[in-house]
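What follows is the residue order along each chain.
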Amino acid sequence: MTQRTQHSRLTTPTPLLPAPLEGAFGKYRIERVLGSGASGTVYLALDSIFDRSVALKVFHPKPNSPQEHRERFIREARSIAKINHPRIVSVFDVNEIDGRPYIAMELMRGGSAQQAIDARGPIPWREATQWLIDACEAVASAHQAGMLHRDIKPGNLLLDEHGRVKLGDFGLVKLTSDHDSNITLNESPIGTPSFMSPEQCRSEALDESSDIYSLGATYFALLAGKPPFQADSALGVMFAHCSSPPPVLPSDIDAPVDCERIIHRAMQKDPSKRFDSTSQLANTLGQLLGRPASAAREGRPPRRRFLWAIPAALVSAILLALTLPLPKKPKLASPSSSKSVVDVSATPGNPAAKIPDPNRGELFPNLNKIAQHRGELNDMEFTSSGRYI
């Protein structure tokens, strides 16, 4: 098994690549290299016909390259072109020049989320949460089209000029209708070790829940500024994904406790215990953004506002009842005297004095209600957990 850095893909050994393109490539003028992946090099290029800058991904013509690699590159182009979604990078052109397939895509001028982490460190939780919602929407669209991305990570979350995320790099996409394995020709798992699900690390059959795991790992990296698991080798990272419990955010990260709960649920080892869908994950993240910014990780999880509304209303009603003037007590005449039978000494300061039972309910008409509400308040204290997941 080839071992590389934790952020790189784990694939077959890569032969020496040809020199980067320069000058003209068909109608495109190559300006500089933006990056290089497992199947191609991405250039900043100018489309001379439409006079617009594009991200031009050109297939690597490797020596003795299996036909599978070329087909995978073409499949990426077709996969992206099939999905029309605002959170997925747009494809402008797919063609071949001198036997080298290429994909001309929308240029994302904000760089990647990984570049943002490298430059800024941990991303503020509200910003990171919005980025992951964007990614969830993109992945949900791919799942609806019958595709698994299999390489979700901060490096493939691309930012536009408005700070919104679009998902890119569908080089490892797999159609759910395909029955081929998730391994390369040398029997090694494919993907990026730092963000692979346990089942992907073990080269098992994958479904949508594998992408959900990767989204959870990506969310951790955005918030913590580092991958969920770190080790001396890619194999060590993959072992951690398969055997270690979900990671805990560093104590100095200012984020609501539910951020960590979301990560833990998305990164469950058992796929059946993760979120049911990327849409459910996105909705949960959206609820998190609707909460007060002051919700801290320390102490008891913040309670939901609507659960507090009930006890607050009860307390208000009780206080109002206690402040209302007591109803005038009709005096009961006795055969021997015109004085009231109720002794004025029957006050809180004289607990030994007794108020006649027939009049107790009339003097304190809300007493029973207060006693009932006291029990409800005690119950509410322990049931309003404020959990979202």
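Scroll up to find the structure.
As a starting point, this report considers the structure included with it. Not measured: the values here are computed from a predicted model. (Residues numbered from 1 in each chain as written. Predicted model: local features only at pLDDT ≥ 70, side-chain atom pairs only at ≥ 80, totals over all residues. Heavy atoms only, no water.)

## Details of the pattern of salt bridges
At step 1: What the rule picks out here adds up to eleven salt bridges.
At step 2: A salt bridge links lysine 57 to aspartate 169; the nearest nitrogen and oxygen atoms lie 3.5 Å apart. A residue pair is termed long-range when its members are at least 10 positions apart, and lysine 57 in strand E4 (residues 52-59) and aspartate 169 in the loop between strand E9 (165-167) and strand E10 (174-175) qualify at 112 residues.
At step 3: Take lysine 57: its relative accessible area is 5%, and that puts it in the buried class.
At step 4: Its salt-bridge partner being lysine 166, residue glutamate 106 comes within 2.9 Å of it at the nearest N-O pair. Placement of the pair is glutamate 106 in the loop between strand E6 (100-105) and helix H2 (113-120) and lysine 166 in strand E9, with a sequence separation of 60 residues. Grouping residues by exposure puts glutamate 106 and lysine 166 together as buried.
At step 5: Each member of the salt-bridge network shares a partner with another, and the members are Arg87, Asp134 and Arg164. (Salt bridge = Lys/Arg side-chain N within 4 Å of Asp/Glu carboxyl O. Helix = DSSP H or I, 4+ residues; strand = E, 2+ residues; numbered from the N terminus. Buried < 20%, exposed > 50% of the residue type's maximum accessible area, 1.4 Å probe, protein only.)

## What to know about the sheet that holds strand E5 (residues 91-97)
The strands making up a sheet associate through backbone hydrogen bonding, with each pair oriented either parallel or antiparallel.
At step 1: Read from one edge of the open sheet, six strands run E1-E2-E3-E4-E6-E5, paired in antiparallel fashion. Looking at strand neighbours, the two that pair on one side only are strand E1 (23-25) and E5, the edges of this open sheet. On average, each strand axis in the sheet is inclined to that of its neighbour by 40°, with strand direction left out of account.
At step 2: The pairing of strand E2 (residues 28-36) with strand E3 (residues 40-47) spans seven bridges and is classified as antiparallel. Paired with isoleucine 30 across the strands is alanine 45, a residue of E3. (Pairing = 2+ DSSP bridges. Axes fitted to C-alpha atoms, helices over the stretch in contact; angles between N-to-C directions.)

## Structural notes on the environment of proline 246
At step 1: With respect to the secondary-structure elements, proline 246 resides in the loop between helix H6 (234-243) and helix H7 (257-266).
At step 2: With 15 residues separating them along the chain, proline 246 and arginine 261 place their C-alpha atoms 9.8 Å apart.
At step 3: Leave out the neighbours within four places in its chain, and proline 246 touches His264, Met267, Gln268 and Lys269. (Contact = heavy atoms within 4.5 Å.)

## A word on the packing of aromatic side chains
At step 1: Scanning the entire structure with this criterion turns up two aromatic pairs.
At step 2: With centroids separated by 5.7 Å and ring planes inclined at 80°, the aromatic side chains of phenylalanine 25 and tyrosine 102 adopt a geometry described as edge-to-face. With phenylalanine 25 in strand E1 and tyrosine 102 in strand E6, this pair connects stretches of sequence that are 77 residues apart.
At step 3: Judged by relative accessible area, which is 6%, phenylalanine 25 ranks as buried.
At step 4: When its relative accessible area of 4% is taken as the criterion, tyrosine 102 is described as buried.
At step 5: Centroid distance tyrosine 28 to tyrosine 102: 5.6 Å. Interplanar angle 75°. Geometry classified as edge-to-face. One end of the pair, tyrosine 28, is in strand E2; the other, tyrosine 102, is in strand E6, with 74 residues separating them in the sequence. In this structure, tyrosine 28 and tyrosine 102 share a single accessibility class: buried. (Phe/Tyr/Trp six-rings, centres within 6.5 Å; stacked < 30°, edge-to-face > 60°.)

## Details of the packing of helix H5 (residues 208-224) against H7
At step 1: The interhelical angle for the contact between H5 and H7, taken along N-to-C directions, is 145°, at an axis separation of 8 Å. Where H5 crosses over H7, the two elements pack in a sense that is left-handed. Residues Ile212, Tyr213, Gly216, Tyr219, Phe220 and Leu223 of H5 form the contact with H7, whose own contacting residues are Cys259, Ile262, Ile263 and Ala266.
At step 2: Residues that form the contact of H5 with H7 fall into these classes: nine nonpolar, one polar and no charged. (Left-handed = near helix turned anticlockwise from the far one by under 90°. Nonpolar A, V, L, I, M, F, W, Y, C, P; charged D, E, K, R; others polar.)

## With respect to the pairing of E6
At step 1: With six of six residues buried, E6 lies mostly within the body of the structure.
At step 2: What you see with E6 is no split at all: Arg100, Tyr102 and Ala104 on one side and Pro101, Ile103 and Met105 on the other are buried throughout.
At step 3: Both E4 and E6 contribute to a ladder of four bridges, which runs antiparallel. Paired with alanine 55 across the bridge in E6 is methionine 105.
At step 4: Inspection of the sheet shows E5 paired to E6 by six bridges, in the antiparallel sense. Residue pairing across strands places valine 91 opposite methionine 105, the latter belonging to E6.
At step 5: In textbook terms, the turn of a hairpin is the stretch between consecutive antiparallel strands, and for E5 and E6 this stretch comprises two residues, one of which, aspartate 98, has a positive phi near 55°.

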